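An overview of the molecular structure
Here's the letter readout for the chains.
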Amino acid sequence: MSGNVLENNRDVNYIHRETCRICGSKQLYKFLELGPTPLANSFLREDQLKGKEDYYPLDMYFCRKCHLVQLSDIVNPEVMFKDYPYITGTSKPMQKHFFGLAKEVIHEFNIDKNDLIVDIGSNDGTLLQNFSNHGISTLGVEPASNISKLAEQKGISTINRFFNEECAKEIRNEFGPAKAITATNVFAHADDLNGILHGVDALLSDDGIFVVEVPYLLNLLINVEFDTVYHEHLSYFSLHPLIWLFHNYRMDIVNVKQIPVHGGSLRIFIKRAKSIISSSSNIFLQQEKNYNIDSLATYDNFSKNVKSVKYELVELLRKLKGKGKIISGYGATAKGNTLLNYCKIGPGILDYISDTTPFKQGRYTPGMHIPVVSENEFHANPPDYALLLAWNYAKDILIKEREYQSKGGRFIMPIPEPHIIWELISGE
Ligand code: TYD
């Protein structure tokens, strides 16, 4: 079923699906409506401010059959990822993260120079660079043309398209099977998960390893990370539906661990069936069971918590504003745009948002139209309070901005309960 833009009634590129994207069940339970929302990464140039913006429904569903939490309104990926501003290499913590991931894969799975590593959603090639530094053959697959060009400029061969079975077969014909396939923070973005798995099945060598990283639903629920919900993130994973998915392709999880990125994620190692399986999956499944991850009441409770965050955050910011305080946002994140649009926090409350990404600077946030400036401007005109929209990097930022805080500036943490961070943290 195709949909119309909610506000300006033009035909647009989104569809509403009636079935779960993993198991095909129609038993979808809607538990949260964040309201019509523009795309979280569609930062506007000044000349676009007067034009109409496209808004799309942003509602969360729980599948009663396989337990996948998901969005059912799917914006055409061609629209969403055409000019994508997220560049992995610009983030120091992500560089460190990918260095560690490559090291782990090389050592744990005895990758050597004759092996091929394929990264799905390879962005600017930051992960693959760590493999090619060891002389290992790499190939990236990246649908955003502006970003795949950046990877090519760094010398990382990259195919500019979506990964699916057809693409996988072409790669195998030309380069042979892959010893390792990586997909970090890709599953959350894909409507056709089965298409990706068909591709992996076609490309992975018999003894190959498939490595998937996904933000973990349990962290989202416990920490009320509702702002990580935006149109790009179509699925929110616990282990249960992933096991369901891999089993359909005769693959098993051989190991799983928790990692700190994106508000708490899982790193999952998958092999073709008949491999040795560690007990780590059971630990996560038990944890999910203890949290009643299969119960509708859990999701209703989450929805209540989201409404409380909105109420308390808006109260806190209004009070500070009432005292004449200057407030900015720190990090023009996509999640920040969900938060700002849902809470209706606009330029009347936040004077500006600082961000290190050159592409975002000089633009305005989608929906709320708050100007994005460089970090230099934040330091030149420090606000009394800075709303930490990049809370996933809280520790790094609090250390980096010690001087701002020692001069009296304070950060506001929006979740799980909005609060001002009074303590200065130390350490490197
Ligand atoms: P990201 O973590 O990708 O969040 P999202 O997926 O919600 O967009 O984005 C982090 C943003 O924060 C990115 O635009 C860069 C910015 N940022 C800063 O401005 N300063 C910093 O010190 C850090 C760590 C990030």
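Residues numbered from 1 in each chain as written. Predicted model: local features only at pLDDT ≥ 70, side-chain atom pairs only at ≥ 80, totals over all residues. Heavy atoms only, no water.

This next bit is on the overall build of the protein. Of regular secondary structure, the protein possesses 14 helices and 20 strands. Here the C-alpha radius of gyration of the protein, 22 Å, is about what a compact globule of 428 residues would show, namely 22 Å. Judged by the C-alpha coordinates and their principal axes, the protein covers about 65 × 45 × 45 Å. Taking the intrachain contacts of the protein between residues at least 6 apart in sequence as the baseline, contacts between residues at least 24 apart amount to 69%. Of the roughly 18600 Å² of accessible surface on the protein, 49% is carried by carbon and sulfur atoms. With 45 positive and 50 negative side-chain charges, the protein shows a separation of 3 Å between the mean positions of the two kinds. (Helix = DSSP H or I, 4+ residues; strand = E, 2+ residues; numbered from the N terminus. Rg over C-alpha atoms; globule rule 2.2 N^0.38 Å. Contact = heavy atoms within 4.5 Å. Areas by Shrake-Rupley, 256 points an atom, 1.4 Å probe, with all protein chains shown as cover. Lys, Arg positive; Asp, Glu negative; His and termini not counted. Charge placed at Lys NZ, Arg CZ, Asp CG, Glu CD.)

Phe 187, Phe 210, Phe 226, Phe 246, Ile 268, Phe 302 and Leu 340 are the most contacted members of the largest nonpolar core, which totals 110 residues. In terms of residue count, the dominant contributor to this core is helix H10 (residues 296-322) (9 residues). Of the residues that make up this core, three or more belong to each of domain 1 (1-294) and domain 2 (319-421). Once residues within four sequence positions are removed from consideration, Phe 210 is found in contact with Ile 181, Ala 183, Phe 187, Val 200, Leu 204, Phe 246, Ile 268, Phe 269 and Ile 270. In terms of nonpolar packing, the next biggest core, distinct from the first, is built from 22 residues, Phe 109, Ile 156, Ile 209 and Val 254 among them. (Core = buried A, V, L, I, M, F, W, Y, C linked by side-chain atoms within 4.5 Å. Buried < 20%, exposed > 50% of the residue type's maximum accessible area, 1.4 Å probe, protein only. Domains from an automatic or database assignment.)

On to the packing of helix H8 (residues 239-247) against helix H9 (residues 280-290), then. The packing of two helices is summarised by the inter-axis angle and the distance between the axes. Relative to each other, H8 and H9 sit at 130 degrees, their axes nearing to 9 Å. With respect to their mutual orientation, H8 and H9 come out oblique. For the pair H8 and H9, the contacting residues are Leu 239, His 240 and Ile 243 in the first and Ser 281, Phe 284, Leu 285 and Glu 288 in the second. Taken together, the residues of the contact of H8 with H9 break down into 4 nonpolar, 2 polar and 1 charged. (Axes fitted to C-alpha atoms, helices over the stretch in contact; angles between N-to-C directions. Parallel < 35°, antiparallel > 145°, perpendicular 65-115°, else oblique. Nonpolar A, V, L, I, M, F, W, Y, C, P; charged D, E, K, R; others polar.)

Positionally, Gln 70 belongs in strand E5 (residues 69-71). Taking the C-alpha atoms as reference points, Gln 70 and Gln 27, 43 residues apart in sequence, are found 12 Å from one another. Each residue touching Gln 70, except ones within four places of it in the same chain, is listed here: Thr 19, Cys 20, Arg 21, Leu 28, Asp 59, Met 60, Tyr 61, Cys 63, Leu 234, Ser 235 and Tyr 236. At 3.2 Å, the side chain of Gln 70 and the backbone nitrogen of Arg 21 are in polar contact. (Polar contact = N/O pair within 3.5 Å; in protein donor to acceptor, adjacent residues only side chain to side chain.)

Right, let's talk about the sheet that holds strand E10 (residues 178-184) for a bit. The sheet built from 7 strands is open, its strands ordered E9-E8-E7-E10-E11-E14-E13 with mixed pairing. Lying at the two open borders of the sheet, with one neighbouring strand each, are strand E9 (158-159) and strand E13 (251-259). The sheet contact formed by strand E7 (residues 116-120) and E10 spans 3 bridges and is parallel. Its bridge partner being in E10, Val 118 is matched across the sheet by Ile 181. Packing of helix H5 (residues 165-175) onto the sheet brings it into contact with E7, strand E8 (137-141), E9 and strand E11 (204-215), and relative to E8 it is tilted by some 160 degrees. (Pairing = 2+ DSSP bridges.)

The next thing to look at is the confidence of the model for the protein. Per-residue pLDDT for the protein averages 93, and the proportion of residues at 70 or more is 94%. Note that residues 1-11 has pLDDT below 50 and, in this model, 28 contacts with residues that lie over four places away or in other chains. (pLDDT = per-residue confidence, 0-100.)

Another aspect to go through is the pairing of E13. Across 8 bridges, the pairing between E13 and strand E14 (residues 265-272) is antiparallel. Looking at E14, one finds that Gln 258 is bridged to Leu 266. Where E13 folds back onto E14 in an antiparallel hairpin, the turn is made up of 5 residues, including His 262, whose phi is positive at roughly 50 degrees.

Turning our eyes to something else, we now look at the packing of aromatic side chains. Under the counting rule described, the total for this entry stands at 15 aromatic pairs. Measuring from ring centre to ring centre gives 6.5 Å for Phe 210 and Phe 246, while their planes differ by 85 degrees; the resulting arrangement is edge-to-face. Taken together, the positions of Phe 210 in strand E11 and Phe 246 in helix H8 put the pair 36 residues apart, joining distant regions of the chain. Every member of this aromatic cluster is reached through a ring pair, and the members are Phe 31, Phe 62, Tyr 299 and Phe 302. The ring centre of Phe 359 lies 4.3 Å from the NZ or CZ of Arg 363, which sits over that ring. (Phe/Tyr/Trp six-rings, centres within 6.5 Å; stacked < 30°, edge-to-face > 60°. Lys NZ or Arg CZ within 6 Å of the ring centre and 35° of its normal.)

Attention now goes to the packing of H10 against helix H11 (residues 334-343). Closest axis-to-axis distance for the H10/H11 pair is 10 Å, and the angle between their directions is 75 degrees. For the element pair H10 / H11, the angle class is roughly perpendicular. Across the interface between the two elements, Val 306, Lys 307, Lys 310, Leu 313 and Val 314 from H10 touch Leu 339, Tyr 342 and Cys 343 from H11.

Moving on: the domain arrangement of the protein. Once the domains are mapped, the protein shows domain 1 (1-294) and domain 2 (319-421). For domain 1 versus domain 2, the separation of C-alpha centres amounts to 27 Å. In this complex, domain 1 contributes 31 residues to the contact, which on the side of domain 2 involves 24 residues. If you look at where domain 1 meets domain 2, you find 0 salt bridges. (Salt bridge = Lys/Arg side-chain N within 4 Å of Asp/Glu carboxyl O.)

Here we take up H5. Residues lying three or four places apart along an α-helix face the same way, a consequence of the helix completing one turn every 3.6 residues. Taken together, the buried positions of H5 are occupied by Cys 167, Ala 168 and Ile 171. In a view along the axis of H5, the buried residues occupy a sector of 100 degrees, so they form one face of it. The exposed residues of H5 that point more than 90 degrees off its buried face are Glu 166 and Asn 173. Against the buried residues of H5 lie E7, E8, E9 and helix H6 (193-203). Of the residues that open H5, the one with a side-chain oxygen 3.3 Å from the backbone nitrogen of Glu 166 is Asn 164. Following H5 by one or two positions, Gly 176 adopts a phi angle in the positive range, close to 90 degrees. (Arc of directions from axis to C-beta.)

Moving on, we get to H8. Within H8, burial applies to Leu 239, Pro 241, Leu 242, Leu 245 and Phe 246. Take H8 and look down its axis: the buried residues cluster within an arc of 160 degrees, on one side only.

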